[in-house]
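# Notes for the structure review
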Amino acid sequence: MKNNRQDADIKSGGLKPMNASERPFDKINYLMMAGCLIMIVVGFALMAGPGSSVEQGFNPDIFSTRRIVVGPTIAFLGFLLMAFAIIRKPKDAGEKRENA
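Just so you know, the residues in each chain are numbered from 1, in the order the chain's sequence is written. Predicted model: local features are reported for residues with pLDDT of at least 70 only, side-chain atom pairs are reported and counted for 80 or more only, and whole-chain, interface and lining totals are derived from all residues. With hydrogens and water set aside, each side-chain value is computed from the structure's full complement of heavy atoms.

Further remarks concern the overall build of the protein chain. Counting its secondary structure elements, the protein chain contains four helices and zero strands. Helices and strands in the protein chain line up, N terminus first, as α-α-α-α. For the protein chain, the proportion of its 100 residues judged to be buried stands at 14%. The secondary structure listing takes helices from DSSP runs of H or I that are at least 4 residues long and strands from runs of E that are at least 2 residues long, numbered from the N terminus. Throughout this description, buried means an accessible area under 20% of the type-specific maximum (1.4 Å probe, protein chains only), exposed means over 50%, and partly exposed covers the range between.

Right, let's talk about helix H3 (residues 65–87) for a bit. In a helix, the anticipated span is given by 1.5 Å times the number of residues less one. Between its first and last C-alpha atoms H3 spans 32 Å; for 23 residues at 1.5 Å apiece the expected length is 33 Å, and the two agree. Of the residues making up H3, those classed as buried are Arg67, Gly71, Ala75, Gly78, Met82 and Ala85. Residue contacts are defined here by distance: any two heavy atoms, one from each residue, within 4.5 Å place the two residues in contact. As for H3, its buried residues are in contact with helix H2 (27–47).

Right, let's get into the packing of H2 against H3. For the pair H2 and H3, the least separation of the axes is 8 Å and the interaxial angle reads 165 degrees. When the interaxial angle is binned, H2 and H3 end up roughly antiparallel. Considering only the axes of H2 and H3, their crossing is left-handed. Looking at the contact of H2 with H3 residue by residue, the class counts come to 21 nonpolar, four polar and two charged. Lines are fitted to the C-alpha atoms to define the axes, a helix being fitted only along its stretch in contact, and any angle between axes, read from their N-to-C directions, falls within 0 to 180 degrees. An angle below 35 degrees is treated as roughly parallel, one above 145 as roughly antiparallel, one from 65 to 115 as roughly perpendicular, and anything else as oblique. Left-handed describes a crossing in which the near helix is turned anticlockwise from the far one by less than a right angle; the clockwise case is right-handed. Amino acids are sorted into nonpolar (Ala, Val, Leu, Ile, Met, Phe, Trp, Tyr, Cys and Pro), charged (Asp, Glu, Lys and Arg) and polar (every other residue, Gly among them).

Turning our attention to the pattern of salt bridges. Close approach of charged atoms lets side chains of opposite charge pair. When a carboxyl oxygen of Asp or Glu lies within 4 Å of a side-chain nitrogen of Lys or Arg, that pair is called a salt bridge. Under the counting rule described, the total for this entry stands at two salt bridges. Linking Arg88 and Asp26 is a salt bridge whose minimum nitrogen-to-oxygen distance equals 3.1 Å. On the criterion of sequence distance, the pair formed by Arg88 in the loop between H3 and helix H4 (93–99) and Asp26 in the loop between helix H1 (4–11) and H2 is long-range, its members being 62 residues apart. Take Arg88: its relative accessible area is 21%, and that puts it in the partly exposed class. Across the salt bridge formed by Arg67 and Asp61, the nearest N and O atoms sit 3.7 Å from each other.

Residue classification places Asp26 among the buried residues on the basis of a relative accessible area of 14%. We define a polar contact as two N or O atoms separated by no more than 3.5 Å, with the added condition that, inside protein, one atom must be a possible hydrogen donor and the other a possible acceptor, whereas residues neighbouring each other in sequence contribute only through side-chain atom pairs. A polar contact is formed between the side chain of Asp26 and the side chain of Arg88, at a distance of 3.1 Å. Apart from residues no more than four positions distant in its own chain, Asp26 is found in contact with Arg88, Pro90 and Lys91.

Moving on, we get to H2. Compared with an ideal rise of 1.5 Å per residue, which puts 21 residues at 30 Å, H2 spans 31 Å between its outermost C-alpha atoms and is within 8% of the ideal. Of the residues making up H2, those classed as buried are Asn29, Met33, Cys36, Ile40 and Gly43. Take H2 and look down its axis: the buried residues cluster within an arc of 85 degrees, on one side only. Counted as exposed and oriented over 90 degrees from the buried face of H2: Lys27, Tyr30, Leu31, Ile38 and Val41. When we speak of the arc, we mean the arc of directions from the helix axis to the C-beta atoms.

A contiguous nonpolar patch, built from Phe58, Phe63, Ile68, Val69 and Val70 and spanning about 500 Å² of accessible area, is present on the exposed surface. Along the chain, the position of Val69 falls in helix H3. Note on Val69: relative accessible area 42%, which makes it partly exposed. A residue counts toward a patch only above 30% relative accessible area and without a salt bridge, and it is joined to like-charged neighbours within 9 Å or, for Val, Leu, Ile, Met, Phe, Trp and Tyr, to nonpolar neighbours within 5 Å. Methods summary: accessible areas were calculated by the Shrake-Rupley approach with a probe of 1.4 Å, and residue burial reflects only the protein chains presented.

Written out as structure tokens, the structure is:
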């Protein structure tokens, strides 16, 4: 026989709210991911610009330091830090109380 809790879980679709200690990410993880996303967007924006077309002749701006060094470096660092933000394990509620 099933107990009442299992019946309630089945009736509610089997979903129950998670405690803060059970969640895979905490507020710091989300802030880090948002910051990394901004870094990636800024890196791609720095790489953007007008291209070199045959009609206008050669445009030396396509080889500027901003477009071939700074932009890709910022975007790459954003991707690396994004991986760290995802892998970072949040502290448990018990650890937070002991440290405080």
